[in-house]
Amino acid sequence: MNNLLIRNARIASMQRGSKSPFGLLEDTDIRVADGIIQEIGSDLRAKPNDTVLEANGHWCLPGFVDCHTHLVYGGDRSEEFRQRLDGVSYEEISRQGGGIKSTVRATRSTSAKALTIQTLRRARRLLEEGVTTLEIKSGYGLDEDTELKMLEVADVVADTLDISVIKTFLGAHSMPPDAGMNADEYIDFVCQVMIPKVAKEKRADAVDVFCETVGFSLEQTRRVFEAARDAGLPVKGHVEQLSDSKGAVLACEFNALSVEHIEYLQESDVATLATAGTVAVLLPGAYYYLKETQKPPVKALREAGVDMAVATDMNPGTSPIASLLTCANMASLFFGLTVEEALKGITVNGARALGLEDRGEIAPGKRADLTLWDMPSPASLIYELNGYRPHTVIAGGKHVA
Ligand code: NIG
Ligand code: FE
């Protein structure tokens, strides 16, 4: 069913290590079988049962990867947005019991069915822009039932839209409201009950922690990472978002897939990421909504050869932005990524941040996650805000949008 021949495309392969801009290929045709790119060449002939897709010289890019989202949540935080416009800080709102805790209350009281409908709306926005792989974190339940409900909703989104959803368990996102226990006791629950269960039942692919003054301490973060390692799950971290807590260095000790936000990462700690091969995930949407002024150390990351990814961090508090291309644009304008770095950030490096080597590039053997665009150049996607949509989106060889 998934045998496809795309003919006459301009291929921006985004291949790692390519010398040409955007990994531009001279060849124009892509053969797909069983959801995998089999062959790239010129004048490829259709085989019996191949569906032929005439690209008419349009650009073909890899499907995008949004490697950090909190897409499943109930409620809305527009009241908090109003307070923030009045000058109340994110930390202050969090201390007053708002912020993440208010979304936790709303997510707990929203049924799985309603959450699915709300999440599908957001996921469709991303898919319309060409996102074929999406990470979704739990972390707005903070009790067993709701955390598992969120991860189940993530699965339904993947099945409904025929895209890939990678799930991350973020039980250590915040202290649960009305927990009746202290933070160390809650971390005991996360480490002794939740992580082993999530791993055993294969409900998530990785474990994340919010290591921050308004989140969990370095020592508590270490315990979560140890539990993940014991359970065989890779780790990643919300680190150095509001202060330098050394969460990134700790994450690298556990060979984290990625460290995320990192506005307050010290330049002197960048080498640790390079040595660990950990991806730096930049989240300019949260930087923008929080009116942050501290920028991640992009120049040092670039010079150290650390792979940089860009994601939406789509969430109701700090980054209500259902547009990966907007975030890629912001990564260039706010943080100084080149156009090519921004596009790598939402393709090949986004995939690496999820531990996925099978996508993010157009090359034989990779998943056939492909998008077709009628635009002047791949740079148009970063240059022009809300200017282009792919007219065809293929995920795993299947036409999904
Ligand atoms: O990535 N930093 C912690 N978590 C989210 C915010 C979640 C929220 O405010 O609801 C983030 O910014
Ligand atoms: Fe986040």
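Here the structure is shown first, and the text comes after it.
So, a few notes on the structure that sits alongside this text. All residue numbers refer to position in the chain's written sequence, counted from 1. Chains carry letters from A onward and ligands carry numbers from 1 onward, assigned in written order. pLDDT decides what is reported in this predicted model: residues at 70 or higher carry local features, side-chain atom pairs at 80 or more are listed and counted, and totals for whole chains, interfaces and linings draw on all residues regardless. Heavy atoms from the whole structure form the basis of all side-chain values; hydrogens and water molecules are not counted.

## A short note on the overall build of the protein
The helix and strand inventory of the protein stands at 15 helices and 17 strands. Relative to its length of 401 residues, the protein is compact, with a C-alpha radius of gyration of 21 Å against a globular reference of 21 Å. Summarising its shape, the C-alpha atoms of the protein cover approximately 65 × 45 × 45 Å along the three principal directions. Here the protein holds 401 residues, and 59% of them are scored as buried. Split by element, the accessible area of the protein, about 15,400 Å² in all, is 48% carbon and sulfur. In this tally Asp and Glu are treated as negative and Lys and Arg as positive; neither His nor the chain ends contributes. Every charge is mapped onto a representative atom, which is NZ of Lys, CZ of Arg, CG of Asp or CD of Glu. The average position of the 42 basic charges and that of the 56 acidic charges among the side chains of the protein differ by 3 Å. What counts as a helix is a DSSP run of H or I of at least four residues, what counts as a strand is a run of E of at least two, and both are numbered from the N terminus. For this measure, only C-alpha atoms enter the radius of gyration; the expected value for a globule follows 2.2 Å times N^0.38, where N is the number of residues. Each residue's exposure class comes from its accessible area (1.4 Å probe, protein chains only) as a fraction of the maximum for that residue type: buried when under 20%, exposed when over 50%, partly exposed otherwise. Under the convention used here, a 1.4 Å probe and the Shrake-Rupley method define accessible areas, while residue burial counts only the protein chains that appear.

## A closer look at the site of ligand 1
The criterion for a residue being near a molecule or strand is simple. One of its heavy atoms has to lie within 4 Å of it. Around ligand 1, the surrounding shell holds 15 residues, and the nearest of these are R77, Y90, Y140, Q241 and T318. Polar contacts, as used here, are pairs of N or O atoms within 3.5 Å; protein pairs need one atom able to donate a hydrogen and one able to accept it. Residues neighboring in sequence count only if both atoms are side-chain atoms. One of the side-chain nitrogen or oxygen atoms of R77 is found 2.8 Å away from an oxygen atom of ligand 1. In this structure, T318 approaches ligand 1 through a side-chain N or O atom, which is 2.7 Å from an oxygen atom. Against a free-state accessible area of 330 Å², the protein chains account for coverage of 100% of ligand 1. Polar here means any residue other than Ala, Val, Leu, Ile, Met, Phe, Trp, Tyr, Cys and Pro, which are nonpolar, and Asp, Glu, Lys and Arg, which are charged; Gly is therefore polar. Tallied by class, the residues present in the shell around ligand 1 amount to four nonpolar, nine polar and two charged.

## Points about the pattern of salt bridges
Where charged atoms from two side chains of opposite charge come close, those side chains can pair. Whenever a carboxyl oxygen of Asp or Glu lies within 4 Å of a side-chain nitrogen of Lys or Arg, that contact is scored as a salt bridge. One pass over the full model with this rule turns up 30 salt bridges. For R125, the salt bridge is made with E128, and the minimal N-O distance between the two is 3.1 Å. Of the two residues, R125 and E128 both sit in helix α4 (residues 112–128), three residues apart, roughly one turn of that helix. Given a relative accessible area of 36%, R125 falls into the partly exposed group. Judged by relative accessible area, which is 35%, E128 ranks as partly exposed. Note that D184 is salt-bridged to R223, the shortest N-O span being 3.8 Å. Pair noted here: D184 is in helix α6 (residues 183–200) and R223 is in helix α7 (residues 218–231), with a separation of 39 residues, a long-range link. Linked by salt bridges that have partners in common, E144, E152, K197, E201 and R203 make up one network.

## Focus on the coordination of the iron ion (ligand 2)
Coordinating donors are taken to be N, O and S atoms lying within 2.8 Å of the metal, or within 3.2 Å when the metal is Na, K or Ca; because water is excluded from the atom set, some sites may appear incomplete. Protein coordination of the iron ion (ligand 2) is provided by H68 (NE2), H70 (NE2), H238 (NE2) and D313 (OD), with donor distances spanning 2.1 to 2.3 Å. Written as a sequence motif, the donor residues of the iron ion (ligand 2) are H-x1-H-x167-H-x74-D. Owing to a relative accessible area of 2%, H70 belongs among the buried residues under this scheme.

## Observations regarding the sheet that holds strand β5 (residues 51–54)
The strand order across the open sheet formed by four strands is β4-β3-β1-β5, and the pairing between neighbours is mixed. Looking at strand neighbours, the two that pair on one side only are β4 (36–41) and β5, the edges of this open sheet. This sheet shows a mean twist of 20 degrees between the axes of neighbouring strands, independent of strand direction. As defined by bridge partners, strand β3 (residues 29–33) adjoins β4 across five bridges and the pair is classed as antiparallel. Within β4, the residue paired with R31 across the bridge is E39. Here the rule is simple: two strands pair whenever DSSP picks up at least two bridges between them. Each axis is a line fitted through C-alpha atoms, and for a helix only the stretch in contact is used; angles between axes span 0 to 180 degrees, taken between their N-to-C directions.

## Section: α7
Residues lying three or four places apart along an α-helix face the same way, a consequence of the helix completing one turn every 3.6 residues. What a helix should span is 1.5 Å times the count of its residues minus one. Here α7 is 14 residues long and its end C-alpha atoms lie 20 Å apart, about the 20 Å a rise of 1.5 Å per residue gives. Within the sequence span of α7, burial applies to Q220, T221, V224, F225, A227 and A228. All buried residues of α7 lie within an arc of 160 degrees about the axis, which places them on one face of the element. More than 90 degrees from the buried face of α7, the exposed residues found are R229 and D230. Here a residue-residue contact requires only that any non-hydrogen atoms of the pair lie within 4.5 Å. Here the buried face of α7 lies against β9 (164–172), α6, β10 (206–210), β11 (235–239) and α8 (247–253). It is the directions from the helix axis to the C-beta atoms that the arc portrays.

## So, the sheet that holds strand β6 (residues 59–62)
Sheet strands associate in pairs through backbone hydrogen bonding, adopting either a parallel or an antiparallel arrangement. One open sheet holds the five strands; their spatial order is β2-β6-β15-β16-β17, and the pairing between them is mixed. Here the strands that pair on one side only, and so sit at the sheet edges, are β2 (10–11) and β17 (398–399).

## Re the environment of Y140
Summarising the element assignment, Y140 is placed in the loop between β8 (131–137) and α5 (144–161). As for Y140 and T103, which are separated by 37 residues in sequence, their C-alpha atoms are 6.3 Å apart.

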